[in-house]
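Residue-level structure breakdown
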Amino acid sequence: MRPLRYSINITLDGCCDHRAGVPDEELHRRATEKLAAADALLFGRVTYEMMEAAWRPSTRTETWPAWTDPFARTIDAAKKYVVSSTLDRVDWNAELLRGDLGEAVQKLKQQPGKGLFVGGVKLPLALAELGLIDEYEFVVHPTLAGHGPTLFAGLSKRIDLKLVSRLEYGSGVVALRYEPRR
């Protein structure tokens, strides 16, 4: 069974707005490695649309430093599954997941491979509620944002985690990787 890994950038005060962190070359290189190690990406509608606008070559609205090019190429080429009840269709190497979320994700996890990678806020909350996330990574930026959104707001039950690795970047960002205690 392939694992479902969740990763999110977060500030010290719990903000997970993608604009709150400070991107750098080292973080993008590591993110590229993590995406490349997954068989597919799992997105909710909001994250899918945000990533598509930022990284799909035909829809990019901003110019990024050259060191982001490997990340852009990797995410562009990645297989994507999109969980949405409002989108009629997706492209960008993507497929809509419909029906029961738990069943659909279980089917993806049961396929052979290296693993699945999920990001965002709302979809991971639903996946955590269902006990489907096998690894949580919090990439903690040494900044205070003073605003939200925050992670796992409304989680109905406590999920105990055990720390399995810690990586500190030159920028002071710390990546903390956890697995659920089962």
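Residues numbered from 1 in each chain as written. Predicted model: local features only at pLDDT ≥ 70, side-chain atom pairs only at ≥ 80, totals over all residues. Heavy atoms only, no water.

We now examine the overall build of the chain. Within the chain, the regular secondary structure consists of five helices and eight strands. Secondary structure elements in the chain, listed N-terminal to C-terminal, are β-α-β-α-α-β-β-α-β-α-β-β-β. Expected size for 182 residues packed as a compact globule is a radius of gyration near 16 Å; at 16 Å, the chain falls within 12% of this value. A principal-axis box enclosing the C-alpha atoms of the chain has dimensions of 40 × 40 × 30 Å. Each of the 182 residues in the chain was classed as buried or not, and the buried ones make up 44%. Across the chain, every contact between residues at least 6 apart in sequence was considered, and the portion connecting residues at least 24 apart equals 71%. With 25 positive and 24 negative side-chain charges, the chain shows a spacing of 4 Å between the two charge centroids. (Helix = DSSP H or I, 4+ residues; strand = E, 2+ residues; numbered from the N terminus. Rg over C-alpha atoms; globule rule 2.2 N^0.38 Å. Buried < 20%, exposed > 50% of the residue type's maximum accessible area, 1.4 Å probe, protein only. Contact = heavy atoms within 4.5 Å. Lys, Arg positive; Asp, Glu negative; His and termini not counted. Charge placed at Lys NZ, Arg CZ, Asp CG, Glu CD.)

For the structure shown, the criterion picks out eight aromatic pairs. Summarising the aromatic geometry, the rings of Tyr6 and Phe152 are spaced 5.8 Å apart at their centres and angled 75° between planes, so their arrangement reads as edge-to-face. Of the two residues, Tyr6 is situated in strand β1 (residues 4-11) and Phe152 in the loop between β6 (135-141) and β7 (161-168); the sequence distance between them amounts to 146 residues. Take Phe152: its relative accessible area is 19%, and that puts it in the buried class. (Phe/Tyr/Trp six-rings, centres within 6.5 Å; stacked < 30°, edge-to-face > 60°.)

Let's shift gears to the nonpolar core. Among the nonpolar cores identified, the biggest contains 27 residues, and Leu4, Tyr6, Leu42, Leu127, Phe138 and Leu151 are the most heavily contacted of them. For this core, the elements supplying multiple residues, two or more each, are β1, β2 (40-44), α4 (101-110), β5 (116-118), α5 (122-129), β6 and β8 (174-180). (Core = buried A, V, L, I, M, F, W, Y, C linked by side-chain atoms within 4.5 Å.)

On average, residues of the chain score 93 in pLDDT, and 100% of them reach the 70 mark or higher. Averaged over each element, pLDDT in the chain is lowest for helix α2 (residues 45-55) (92) and highest for β7 (98). (pLDDT = per-residue confidence, 0-100.)

A few words on helix α3 (residues 69-77). Among all positions of α3, only Phe71, Ala72, Thr74 and Ile75 are buried. Buried residues in α3, looked at end-on, bunch into an arc of 165°, giving them a common side. Along α3, the residues that are exposed and aim more than 90 degrees away from the buried face are Arg73 and Ala77. The inward-facing, buried residues of α3 abut α1 (25-36), β2, α2 and β3 (80-83). (Arc of directions from axis to C-beta.)

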